[in-house]
Amino acid sequence: MRGNFFYDRLGRCLFKVREKKKMSQEQVAFLCDVDRTYISRIEKGRANPTIRILHKIADALRVRLWKLLRNL
């Protein structure tokens, strides 16, 4: 699917940042007040997160939102 290309790249970027910060999906999910499986689905490119959720994730990872979106 062509439309999933954006979400695949977003997921890979999120995964890289999370791994660099040495945080688990569970830790990020707890800080964002979302389910861990939702973080997993985002990282796999299978979820369509809102800007609000992306902002919560960026805050949890202590990065600016544009850093998550800049390489897309």
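Just so it is clear, the structure is predicted and the values come from calculations on it, not from any experiment.

Chemist: Would you mind showing me how to read the overall build of the protein here?
Modeler: Each helix and strand counted, the protein has five helices and zero strands in total. Taking 2.2 N^0.38 as the reference for a compact globule, 72 residues should give roughly 11 Å; the C-alpha atoms of the protein span a radius of gyration of 11 Å, in line with that estimate. Referenced to the eigenvectors of the C-alpha coordinate spread, the extents of the protein come out at roughly 30 × 25 × 20 Å. Out of the 72 residues belonging to the protein, those deemed buried represent 40%. Relative to all contacts within the protein whose residues are 6 or more apart in sequence, the contacts with residues 24 or more apart total 57%. Counting only carbon and sulfur atoms, one obtains 50% of the accessible surface of the protein, whose full area is about 5,300 Å². Distance between charge centroids for the protein: 8 Å, based on 18 positive and 7 negative side chains.

Chemist: What is the right way to read the nonpolar core from this model?
Modeler: For soluble globular proteins, nonpolar side chains are generally found buried alongside one another. Formed by 21 residues in total, the largest nonpolar core has its most connected members in Val 28, Val 34, Ile 42, Ile 57, Leu 61 and Leu 68. Among the secondary structure elements, those contributing two or more residues to this core are α1 (4-20), α2 (25-32), α3 (36-43), α4 (51-61) and α5 (65-69). Ignoring any residue separated from it by four or fewer positions in sequence, one finds Leu 61 in contact with Leu 14, Val 17, Arg 18, Lys 21, Met 23 and Val 28.

Chemist: Is there a simple way to think about α2 in this case?
Modeler: Three or four residues apart is the spacing at which side chains of an α-helix point the same way, because the helix has 3.6 residues per turn. Turning to α2, its buried residues number three or more, namely Gln 25, Val 28, Ala 29 and Cys 32. Mapping the buried residues of α2 onto a view down its axis gives an arc of 100°, with all of them on the same face. Seen from the open side of α2, the exposed residues pointing more than 90 degrees away from its buried face are Glu 26, Phe 30 and Leu 31. Each element contacted by the buried residues of α2 is listed here: α1, α3 and α4. With its phi angle positive at about 60°, Asp 33 sits one or two positions after the end of α2.

How each quantity is defined
- Residues numbered from 1 in each chain as written.
- Predicted model: local features only at pLDDT ≥ 70, side-chain atom pairs only at ≥ 80, totals over all residues.
- Heavy atoms only, no water.
- Helix = DSSP H or I, 4+ residues; strand = E, 2+ residues; numbered from the N terminus.
- Rg over C-alpha atoms; globule rule 2.2 N^0.38 Å.
- Buried < 20%, exposed > 50% of the residue type's maximum accessible area, 1.4 Å probe, protein only.
- Contact = heavy atoms within 4.5 Å.
- Areas by Shrake-Rupley, 256 points an atom, 1.4 Å probe, with all protein chains shown as cover.
- Lys, Arg positive; Asp, Glu negative; His and termini not counted.
- Charge placed at Lys NZ, Arg CZ, Asp CG, Glu CD.
- Core = buried A, V, L, I, M, F, W, Y, C linked by side-chain atoms within 4.5 Å.
- Arc of directions from axis to C-beta.

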